[in-house]
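# Close look at the chain arrangement
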Amino acid sequence: QVQLVETGGGLVQAGGSLRLSCAASGRTFSSYVMAWFRQAPGKEREFVAGINRSGGTANYDDSVKGRFTISRDNAKNTVYLQMNSLKPEDTANYYCAAKDDTHWNAHPSVSVYEYDYWGQGTQVTVSS
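The rules we used
- Starting from 1, residues in each chain are numbered consecutively following that chain's sequence as written.
- Reporting in this predicted model follows two pLDDT cut-offs: at least 70 for local features of residues, and 80 or more for side-chain atom pairs to be given and counted; totals over whole chains, interfaces and linings ignore these cut-offs and use all residues.
- Note: side-chain values were computed over all heavy atoms of the structure, leaving out hydrogens and water.
- Buried residues of nine kinds, namely Ala, Val, Leu, Ile, Met, Phe, Trp, Tyr and Cys, make up a nonpolar core once their side-chain atoms join them within 4.5 Å.
- Between buried and exposed lies partly exposed: a residue is buried under 20% and exposed over 50% of the maximum accessible area for its type, with that area taken using a 1.4 Å probe on protein chains only.
- In this description a helix means any DSSP run of H or I spanning at least four residues, a strand means any run of E spanning at least two, and both kinds are numbered starting from the N terminus.
- Any two residues having at least one pair of non-hydrogen atoms within 4.5 Å are treated as being in contact.
- What qualifies as a polar contact is a pair of N or O atoms within 3.5 Å, subject to a donor-acceptor requirement within protein and to the restriction that residues adjacent in sequence count only when both atoms come from side chains.

The next thing to look at is the nonpolar core. Counting residues in each nonpolar core, the largest one holds 28 residues, and the members touching the most others are Met34, Trp36, Val79, Leu81, Met83 and Tyr94. Where this core is concerned, the elements lending two or more residues are strand S1 (2-7), strand S3 (18-26), strand S4 (32-39), strand S5 (46-51), strand S7 (68-73), strand S8 (78-83), strand S9 (92-100) and strand S11 (122-127). Setting aside residues up to four positions removed in sequence, Val79 forms contacts with Leu20, Ser21, Cys22, Phe29, Met34, Trp36, Ile51, Ile70, Ser71, Arg72 and Cys96. In terms of nonpolar packing, the next biggest core, distinct from the first, is built from 6 residues, Val33, Ala35, Phe47 and Ala97 among them.

The structure is reproduced here in structure tokens:
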């Protein structure tokens, strides 16, 4: 098992930046594909970005491409989400998720149902 704790959320003006971190503990961090999802009030949880075990492949939802960057540091057991040019529609609770995967270069899944472990979430609020 792995435990995930997100930090870095907060209130920011439109056009600003935030960096989310997700610290993992438990099993070997590099065993997991990692991803960020978000959920706004009254909406389904949606995929934001994912990164494979090696850190060599990342994918993004179209709504954040060019503005958000996911990265991981396997030595620090941490995955990051750098969010730039934030918009009010980015306001949501952001969740870190881990998927146990035997393939080192597996492409990150965008499906919420394929992730095995979740953090408690961190709120991001973007004011206009």
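Turning our attention to the side chain of Asn93. Looking at the secondary structure, you find Asn93 in strand S9. Look at Asn93 and you get buried, because its relative accessible area is 18%. Within the structure, Asn93 has its side chain in polar contact with the backbone nitrogen of Thr122 (distance 3.1 Å).

Here Asp101 shows up in the loop between S9 and strand S10 (117-118). Discounting residues that sit within four places of it in the chain, Asp101 has contacts with Ser31, Val33, Arg53 and Ala106.

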